[in-house]
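Survey of secondary and tertiary structure
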Amino acid sequence: MKVALTIGGSDPTSGAGVQMDLKVFHALGVYGTSIITSVTSQSTYEFTSVYPLPEKIIVNQFETLLRDIKPQGAKTGMLYSKYAAECVAEYIKKYKIKNLVIDPVITSTTGKKLLLDEAQQILKTELIPLSRAVTANIPEVEILTEVRIKNIDDMYEATEKLYRMGTKLAIVKGGHFNDKVPDLLFDGKEFFMVEGEKYSGEFHGTGCAFSSAFLSFLCKGYKPYEALKASKNFVSELLRKALKLGKGMKILNFT
Ligand code: PXL
């Protein structure tokens, strides 16, 4: 069985973060392992705290897990601290993990900071160059590339600029862009665009679900464009069935 590793934060709603990633791996037939960088306290309508785990506990999780189970691929979500980001770089290199998918989680849907500035620097200079893919939404790619996206040409420019930061597959998700929610992939040679259906309402964890699905399909041997289409379809289905469990955002639903 293929094994995928998620490295990120805990979300008590299980609608995002490591809990969501594990649900996606399971639904797609990939065995999921997980390393927690931080514990958040949040619900569907409020985000009350972030507790970054101490460096030695993060290191200990990597050491202990990876000397036993080596994954075919890994993804990062919420890293928060500089040392968590540095740790990812160290262990991806040490264990030569080829399929690293970076979901550049910078702020929560509710506006809370999920990546410190000094960690963002490590993400840009060390993690992106080690990655197979970066899956950014529009606000994230604007921060990373400093391209303001006002029209579709800007989206192409930002995607290419993201690729030039050192990843092999730059993906920009257009969920925040227009009604056709275009996702754009650049592999250094060609652009591929996949359009979908826009669902109304506010959703929690869409980025986590998309990046975990993309990693799962890469682990299963899909070509990048096929993995993009399959991930978009998979997340669409979860959005279509989303549930309002709490007072705030809807949660993606697998059943
Ligand atoms: O969706 C980004 C994200 C990732 N990881 C954790 C989160 C969130 C958003 O709230 O809480 C732990």
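Notes on the structure in this doc start here. (Residues numbered from 1 in each chain as written. Predicted model: local features only at pLDDT ≥ 70, side-chain atom pairs only at ≥ 80, totals over all residues. Heavy atoms only, no water.)

Looking at the nonpolar core
Short version of the rule: Only buried Ala, Val, Leu, Ile, Met, Phe, Trp, Tyr and Cys residues count toward a nonpolar core, and they belong to the same one when joined by side-chain atoms within 4.5 Å. Relative accessibility decides the category of a residue: with a 1.4 Å probe and only protein chains considered, values under 20% of the type maximum give buried, values over 50% give exposed, and everything between is partly exposed. Whether two residues are in contact is decided by their heavy atoms: any pair within 4.5 Å suffices.
Membership of the largest hydrophobic core comes to 41 residues, with the highest contact counts inside it found for Ile7, Phe62, Leu79, Leu127 and Leu162. For Ile7, the contacting residues outside a window of four places in its chain are Ile35, Thr37, Phe62, Ala74, Lys75, Thr76, Gly77, Leu79 and Val88. In terms of nonpolar packing, the next biggest core, distinct from the first, is built from 34 residues, Ala209, Phe214, Leu218 and Phe234 among them.

Some thoughts on the site of the ligand
The cut-off we apply is this: Summary of the distance rule: residues count as near a molecule or strand when at least one heavy atom falls within 4 Å of that molecule or strand. Side-chain atoms alone can form a polar contact between residues adjacent in sequence; in general such a contact is a pair of N or O atoms within 3.5 Å, and within protein one must be able to donate a hydrogen while the other accepts it. Each accessible area is a Shrake-Rupley estimate made with a 1.4 Å probe; only the visible protein chains count as cover when residues are assessed. Under the convention adopted here, Pro, Cys and the residues Ala, Val, Leu, Ile, Met, Phe, Trp and Tyr are nonpolar, Asp, Glu, Lys and Arg are charged, and Gly plus all remaining residues are polar.
What surrounds the ligand is the set Gly9, Ala16, Gly17, Gln42, Met78, Val105, Ser108, Leu114, His204 and Cys208. Gln42 has a polar side-chain atom sitting 2.5 Å from an oxygen atom of the ligand. Its free accessible area being 310 Å², the ligand has 93% of it covered by the protein chains. Class assignment for the residues of the shell around the ligand results in five nonpolar, five polar and no charged.

So, the pairing of strand β5 (residues 99-102)
What counts is decided by this rule: What counts as a helix is a DSSP run of H or I of at least four residues, what counts as a strand is a run of E of at least two, and both are numbered from the N terminus. Pairing between two strands is assigned when DSSP locates at least 2 bridges connecting them. The path from the first strand over the helix to the second decides the hand: if it runs clockwise while the strands point away from the viewer, the crossover is right-handed.
Side chains Asn99 and Val101 of β5 all project onto a buried face; the interleaved residues Leu100 and Ile102 project onto the opposite face, where all are buried too. Looking at chain direction, strand β4 (residues 73-76) and β5 are connected through four bridges and run parallel. Within β5, the position partnered with Lys75 by the bridge is Val101. After leaving β4, the chain enters helix α3 (residues 82-94) and then returns to the sheet as β5, a path that is right-handed. Looking at chain direction, β5 and strand β6 (residues 133-137) are connected through two bridges and run parallel. Counterpart to Ile102 in the pairing with β6 is Val134.

Observations regarding the pattern of salt bridges
Operational definition: Whenever a carboxyl oxygen of Asp or Glu lies within 4 Å of a side-chain nitrogen of Lys or Arg, that contact is scored as a salt bridge.
All chains considered together, the criterion is met by 11 salt bridges. Across the salt bridge formed by Lys94 and Glu63, the nearest N and O atoms sit 3.8 Å from each other. With a gap of 31 residues between them, Lys94 in helix α3 and Glu63 in helix α2 (residues 55-66) connect regions that are remote in the sequence. Look at Lys94 and you get partly exposed, because its relative accessible area is 46%. Residue classification places Glu63 among the partly exposed residues on the basis of a relative accessible area of 22%. Across the pair Asp117 and Lys113 runs a salt bridge, and its minimum N-O distance is 3.0 Å. Through salt bridges that share partners, Glu63, Arg67 and Lys94 make up one connected network.

Side note on a positive patch on the surface
Put simply, the rule is: A residue counts toward a patch only above 30% relative accessible area and without a salt bridge, and it is joined to like-charged neighbours within 9 Å or, for Val, Leu, Ile, Met, Phe, Trp and Tyr, to nonpolar neighbours within 5 Å. Positive charges are assigned to Lys and Arg, negative charges to Asp and Glu, while His and the chain termini are left out of the count. Charged side chains are reduced to one point each, which is NZ for Lys, CZ for Arg, CG for Asp and CD for Glu.
On the surface, Lys70, Lys96, Lys98 and Lys168 cluster together into a patch of positive charge. Looking at the secondary structure, you find Lys96 in the loop between α3 and β5.

Considerations on the packing of aromatic side chains
Rule in force here: Think of it this way: a Phe, Tyr or Trp ring, Trp meaning its six-membered ring, pairs with another when their centres are within 6.5 Å, and the plane angle makes it stacked under 30 degrees, edge-to-face over 60, tilted otherwise.
Tallying each qualifying case throughout the model produces eight aromatic pairs. Considering the side-chain rings of Tyr163 and Phe186, the 5.2 Å spacing of their centres and the 80° angle between planes classify their relative orientation as edge-to-face. Pair noted here: Tyr163 is in helix α6 (residues 152-164) and Phe186 is in strand β8 (residues 183-186), with a separation of 23 residues, a long-range link. When the centroid spacing of 4.3 Å and the interplanar angle of 25° are considered together, the rings of Phe186 and Phe191 count as stacked. Looking at Phe186, the relative accessible area reads 4%, which means it is buried. Note on Phe191: relative accessible area 30%, which makes it partly exposed. Taken together through their ring pairs, the aromatic side chains of Tyr156, Tyr163, Phe186 and Phe191 make up a single cluster.

Overview of the sheet that holds strand β7 (residues 169-173)
Heads up, the rule is: Each axis is a line fitted through C-alpha atoms, taken for helices only over the stretch in contact, and angles between the N-to-C directions span 0 to 180 degrees.
One open sheet holds the nine strands; their spatial order is β3-β2-β1-β4-β5-β6-β7-β8-β9, and the pairing between them is mixed. What marks the edges here is a single partner per strand, and that holds for β3 (47-52) and β9 (191-194). Averaged over all adjacent pairs, the angle separating strand axes in this sheet is 20°, with direction ignored. One ladder, built from eight bridges, connects strand β1 (residues 3-10) with strand β2 (residues 31-42); its direction is parallel. What sits directly across from Val3, in β2, is Tyr31. The strands that α2 touches are β1 and β2; relative to β2, the one it contacts most, it runs at about 165°.

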